[in-house]
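Fold and contact review
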Amino acid sequence: MRIGLPGIGSSLDRIVHQAERAEADGFSSLWYASGTLGDPLVGMAVAARATTSIEVGTAIVQTYPCHPMLLAARANATTEAIGTAGRFTLGIGPSHQPVIEGMLGLSYDHPGRDTEEYVQVLAPLLRGEAVSFHGEAYQVNAGPLALSPAGETPVLIAALGPRLLRIAGRHTAGTVTWMANARAIGEHVSPRIRKAAGDAGRAEPRIVAGLPVAVHDDVDEARQVAAKSFGMYGTLPNYQRILERGGVSGPADAAIVGDEASVAAQLQALVDAGVTDVWAAPFPVGDDRQASRDRTRDLLKSLL
C-alpha cells in the first residue's frame, strides 16, 4: 500500500527532519499545503535534496493567486533544485470561495472553467513547449520557459466535483482529494476520472486520497476529537458536497478511526475503491498525544 503523510513544519530544519524520518520509515510521499512556510515549493525542494527517494507533492497550490506561467516557472525551478527526476508532483486547485473572494478579493465565479484553462496553459510549459492559448480567463502566447528540466512534472487537480474530475482525467495525471471517503471515491471520484482519462487516451489516473487517521480504541472519543480538529472543512461547500457523496454528515464521520484492525480495513477499502495513494493525516487522541501519534504511525508503517 502506498501511504504518504502531510508535509508539516514551522521551519526548514523541521521540514527536513520530517522528510528524513518519513523516508527512513518507508513512507512513499509527503504532501504540502499551500501555506507551508509561505511557499511550499521552497521547503519541498530543500527536503527533497536532503533525501534520496521520497516523493514531495503539493496538496495544493492555489491557482487563482498565481498565473500559470509563473507557477510553471516555479515548478521547473523546484524540479531543477531537487535534481532527481520523478520526485516532485504538482497538485493544483481553485481553493474555496471564502478564501479566493473573502481573503484575496478575486472572483470565484467560474472555478471549473478557470481551472480547465489554467491547466491547458500550465501543462505545455511544464513539458518545455511553447504555449498559444486563447480562452475567457487566460490569453497566453509564450515560448518555452528559460528553465525547462528534462521530463514533465506530473500535475494533479484537487477535483471533487464532476467537472473538475473530467478536467483532471482529460488533462492531468490524476487527482488529489481531501475528505473523500471510500464510498465517495468508489461511487463518484474513481469512475468519473477514469472514464475521462480513458476517453482522452490517457494513462490510468492517479487518485491520491487524503483523510484524517487515528488508531484509538474508543471510536466515539476519536470522532469527537476529529470534529474539533477538522470541523472547519465541513463548513466549506466543496467539502460538504463530497462528504454528502460519501454518505457522512461531516469530517468527523469521514475520518478513519478505530483499533489497528479496523483502521487497516478502512485504508484497504480506499484502495479497493480505486485509490492509488493514501495521504494519511494522523491526529492524536487521548491524554498522551505522543503515544497516540506513535500508535497510528506504527500501524501505517506496518502496511507499507
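Right, let's walk through the structure included here. (Residues numbered from 1 in each chain as written. Predicted model: local features only at pLDDT ≥ 70, side-chain atom pairs only at ≥ 80, totals over all residues. Heavy atoms only, no water.)

**Looking at the environment of Asp 294**
- Here Asp 294 lies in helix α12 (residues 289-302).
- The class of Asp 294 is partly exposed, set by a relative accessible area of 29%.
- In this structure, the C-alpha to C-alpha distance between Asp 294 and Pro 284, residues ten residues apart in sequence, is 9.0 Å. (Helix = DSSP H or I, 4+ residues; strand = E, 2+ residues; numbered from the N terminus. Buried < 20%, exposed > 50% of the residue type's maximum accessible area, 1.4 Å probe, protein only.)

**Quick look at a nonpolar patch on the surface**
- Residues Leu 12, Leu 37, Val 42 and Val 46 make up a contiguous nonpolar surface patch of about 280 Å² in total accessible area.
- Mapped onto the secondary structure, Val 42 falls in helix α2 (residues 40-49). (Patch = residues over 30% accessible without salt bridge, like charges linked within 9 Å, V, L, I, M, F, W, Y side chains within 5 Å. Areas by Shrake-Rupley, 256 points an atom, 1.4 Å probe, with all protein chains shown as cover. Salt bridge = Lys/Arg side-chain N within 4 Å of Asp/Glu carboxyl O.)

**Digging into the packing of helix α7 (residues 182-199) against helix α11 (residues 260-273)**
- Running from N to C, α7 and α11 point in directions that differ by 5 degrees, and their axes come no closer than 8 Å. Relative to α11, the element α7 lies roughly parallel. Residues Ala 182, Ile 185, Gly 186 and Ser 190 of α7 form the contact with α11, whose participating residues are Ala 269, Leu 270 and Ala 273.
- The residue makeup of the contact of α7 with α11, split by class, is five nonpolar, two polar and no charged. (Axes fitted to C-alpha atoms, helices over the stretch in contact; angles between N-to-C directions. Parallel < 35°, antiparallel > 145°, perpendicular 65-115°, else oblique. Contact = heavy atoms within 4.5 Å. Nonpolar A, V, L, I, M, F, W, Y, C, P; charged D, E, K, R; others polar.)

**Considerations on the pattern of salt bridges**
- The final tally for this structure, using the stated rule, is 19 salt bridges.
- The shortest N-O distance in the salt bridge between Glu 129 and Arg 127 comes to 3.1 Å.
- Residue classification places Arg 127 among the partly exposed residues on the basis of a relative accessible area of 42%.
- Arg 295 is the partner of Asp 217 in a salt bridge, and the nearest nitrogen-oxygen pair spans 2.9 Å. Here the residue Asp 217 occupies a position in the loop between β10 (206-215) and α8 (219-230), and Arg 295 occupies one in helix α12, the gap between them amounting to 78 residues.
- Taking relative accessible area as the criterion, Asp 217 reaches 57% and is therefore assigned exposed.

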